[in-house]
Each structure stands twice: as C-alpha cells, then as structure tokens.
Amino acid sequence: MTLSIRQLHPVFVGEVADIDCRVPLTREEIAAIDAAMEKYAVLVLSDQNITDAQQIAFTRHFGELEGYNTPGHVRKREDQRLGPGMADFSNLDRDGNIMSDEDRVWFFKLGDRLWHSDSSFRPVPAKYSLLSGRVLPSWGANTEFADMRAAYDALDARTKAEVEDLICEHSLIYSREAIGFTDLTSEEIAAFRPVRQRLVRTHPATGRKSLFLASHAGAIVGWTIPEARMFLRDLTEHATQREFVYSHSWKPYDLVMWDNRATMHRARRFDRNEVRDVRRTTLAGDATTIE
Ligand SMILES: [Fe+2]
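Predicted model, so just to flag it, every value in this text is computed and none were measured. (Residues numbered from 1 in each chain as written. Predicted model: local features only at pLDDT ≥ 70, side-chain atom pairs only at ≥ 80, totals over all residues. Heavy atoms only, no water.)

Asks: What should I look at first to understand the pairing of strand 1 (residues 4-7) in this one?
Replies: Looking along a regular strand, one sees the side chains alternate between the two faces of the sheet. Sheet analysis places strand 1 next to strand 2 (residues 14-17), joined by four bridges and oriented antiparallel. Within strand 2, the position partnered with Ser-4 by the bridge is Ala-17. Count of turn residues in the strand 1/strand 2 antiparallel hairpin: six residues, of which Val-13 carries a positive phi of about 75 degrees. (Pairing = 2+ DSSP bridges. Helix = DSSP H or I, 4+ residues; strand = E, 2+ residues; numbered from the N terminus.)

What follows is the structure in structure tokens.
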C-alpha cells in the first residue's frame with residue numbers, strides 16, 4: 001500500500017486517506033504508517049468507526065500497549081467504564097452518566113487541558129497515543145498539538161546549549177497542582193513520585209532533537225524551583241507559539257495518533273453538560289530518556 005497523505009499544517013500533521021483500521025495491516029502498511037509518523041508526528045485517520053477491540057488490535061501493530069500497576073489517574077479499576085487496555089478520556093462515569101463537576105476524576109481530567117506529553121511522569125514515557133472520537137460535543141473540545149522538534153530547531157544557539165544536558169523531574173502532582181488540585185491521598189502521592197527525563201530528546205528513528213516538555217515537569221535537577229518553573233514556562237510558551245500548533249476539530253470516528261516523543265498536546269474546553277466520549281490506547285516507549 002502507498003499511503004495517501006495530505007499535510008494539514010505547514011510544519012507537521014498528516015491526514016491519511018483510504019485506510020481501514022478495522023482490518024489487519026500488512027507489514028508494508030505498518031512500515032508506511034511508522035514512516036509517516038516519523039515525518040508528520042501526528043496523523044489524522046477519518047471515518048474509523050471502530051470498537052474498543054479493533055482500536056486495541058490496530059494500536060498493537062505499532063508496538064506493545066503501555067501497562068502499569070500504578071495508576072496514571074485517580075479512578076479505581078472497579079470504577080472504570082472501559083475494559084483493560086482502553087483509557088477513558090470521556091466525561092462519563094462507570095454507568096455512562098456525565099460525571100459531577102465535583103467529581104475528583106473530573107478535576108483530574110481538567111489537568112489534561114495543560115500542554116503535556118502522555119506518560120512523561122512514567123520512568124519510560126509513552127511512544128504513540130491513539131485517540132478515537134466516538135461522541136463529540138457540539139462546541140469546542142478541540143485537541144491541540146505542538147511540534148516539539150520544530151520548537152527545538154527554533155531555539156537560539158545559546159538556549160540550545162543551555163538545555164542540552166538538563167534533566168527535569170516530571171510528576172502528575174505538578175500538573176494537578178498547577179490547576180489548584182492538591183487533594184491527593186498519600187497512596188496517590190507515593191504513586192506519583194517524580195521521575196527524571198531529559199529536556200532534550202533525540203528521536204530513535206529520525207535522530208531529530210526535540211524539547212521534552214510537559215506541564216508534568218516541575219523541577220530541573222540542580223536548579224531552584226522558581227528558576228526551573230520560570231524557565232520551563234518560558235520554553236513552553238516558545239514551543240506552543242501558533243506556528244508550531246495544529247488544532248484538531250473532531251468529527252465522530254476520527255482516530256488521531258501522535259508520537260509523544262516529538263509532540264505535546266492539550267485538550268480544549270467544551271460544555272460539560274454534553275457527552276464527550278473519546279477513548280485512548282497508548283503504546284509503551286522502549287527506553288528511558290536518561291542513561
Ligand atoms: Fe494526553
């Protein structure tokens with residue numbers, strides 16, 4: 001198969017035509033998608049009316065699903081609406097009702113509206129994420145992506161030298177604290193213990209450097225917290241300038257896949273009284289970012 005791809009943004013993001021995610025891909029098709037991911041970092045696949053099982057099977061073409069014993073969220077397994085392998089990014093509770101605006105799961109989800117890279121708070125951060133839009137609200141709810149390779153390339157030489165060897169500490173505690181959600185249990189605080197990540201990563205396939213930023217980053221090793229937070233905030237502002245950002249306006253059954261090693265993303269506002277049912281599968285990364 002030769003993939004037919006239309007570039008949706010001047011610096012990254014491709015839209016793949018004529019693909020059916022419900023059926024197994026050939027080895028050539030898998031290689032073509034991986035190559036497109038290396039080039040575009042974000043791919044949009046429209047009209048993919050898939051089941052959870054089909055989403056998992058499609059995802060597994062590109063590696064192993066991320067699996068952890070410690071939670072990346074505050075929802076207990078027995079309170080989850082979806083089965084193993086599926087991450088629920090809807091505003092629905094276990095019974096399919098819109099969750100209360102005082103539900104701490106909802107508070108937690110609000111933190112996804114800050115720029116981040118999935119699982120940067122894990123020792124081995126995620127490779128690709130695949131988000132399937134099943135039911136979308138009538139207004140808002142875009143997902144925005146920022147190209148962190150382009151952001152790195154655009155740094156001045158002095159800043160490139162400054163960031164080259166910096167190590168950051170990432171934790172869900174930092175990103176939730178940023179929106180004033182600090183009501184975490186001692187178990188959650190233990191599970192969300194900060195992990196170290198390089199600020200500059202090199203993509204294993206392309207060799208391109210990128211800024212590995214996320215709102216989960218709350219410290220730089222060897223720096224004071226205020227100095228680190230201000231620098232990270234400045235870098236994030238640089239990296240999310242309009243010229244590096246694509247805003248995806250969802251249609252039902254869009255499947256959007258992105259490389260967390262090369263991009264950041266954030267969710268945008270919508271009317272919380274309307275259903276937003278989006279479901280994510282996540283591929284495990286294959287290495288830590290620090291030696
Ligand atoms: Fe995310």
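Next comes the rest of the write-up.
Asks: Could you clarify how one ought to interpret helix 1 (residues 27-40) in this entry?
Replies: An α-helical segment advances 3.6 residues per turn. Residues three or four places apart therefore align on the same side. Relative to the 20 Å expected for 14 residues at 1.5 Å per residue, helix 1 spans 20 Å between its end C-alpha atoms, a close match to the ideal helical length. Every buried residue of helix 1 is accounted for by Glu-29, Ile-30, Ile-33, Asp-34, Ala-36, Met-37 and Tyr-40. Here the buried residues of helix 1 occupy an arc of 160 degrees about the axis, which is enough to place them on one side. Opposite the buried face of helix 1, at more than 90 degrees from it, the exposed residues are Arg-27, Glu-28 and Lys-39. (Expected span 1.5 Å × (residues − 1). Buried < 20%, exposed > 50% of the residue type's maximum accessible area, 1.4 Å probe, protein only. Arc of directions from axis to C-beta.)

Asks: Got a minute to help me understand the pairing of strand 6 (residues 143-147) in this structure?
Replies: The buried count for strand 6 comes to five of five residues, which makes it a mostly enclosed element. The side-chain alternation of strand 6 yields two buried faces, one formed by Thr-143, Phe-145 and Asp-147 and the other by Glu-144 and Ala-146. The pairing of strand 6 with strand 12 (residues 245-248) spans four bridges and is antiparallel. Looking at strand 12, one finds that Glu-144 is bridged to Ser-247. Here five bridges tie strand 6 to strand 14 (residues 263-267), and the two strands are oriented antiparallel to one another. By the bridge assignment, Ala-146 is partnered in strand 14 with Met-264.

Asks: Please clarify how the layout of surface pockets should be interpreted in this entry.
Replies: To find leftover empty space, one rolls a probe the size of a water molecule over the atoms. Reported here for the second largest pocket is a volume of approximately 500 Å³. As for the second largest pocket, its lining consists of 20 residues, of which Leu-114, Ala-178, Ser-215, Ala-217 and Arg-233 are closest to the centre. Every element with two or more residues in the lining of the second largest pocket is listed here: helix 6 (172-177), strand 11 (217-220), helix 8 (225-239) and strand 14. Counting residues per element, the lining of the second largest pocket draws most heavily on helix 8, which supplies five residues. Of the residues in the lining of the second largest pocket, the class split is 11 nonpolar, three polar and six charged. (1 Å grid on protein atoms, 1.4 Å probe; cavity = no way out; pocket = protein on both sides within 12 Å on 5 of 7 lines; lining within 4 Å. Points joined across faces, edges and corners; volume = space filled by probe spheres on them. Nonpolar A, V, L, I, M, F, W, Y, C, P; charged D, E, K, R; others polar.)

Asks: Explain the sheet that holds strand 14 here, please?
Replies: Strand pairing within a sheet occurs via backbone hydrogen bonds; the two strands may be parallel or antiparallel. One open sheet accounts for three strands, arranged 12-6-14; its pairing is antiparallel. Every other strand in the sheet has two partners, leaving strand 12 and strand 14 as the edge strands with one partner each. Adjacent strand axes in the sheet meet at a mean angle of 20 degrees, parallel and antiparallel pairs treated alike. (Axes fitted to C-alpha atoms, helices over the stretch in contact; angles between N-to-C directions.)

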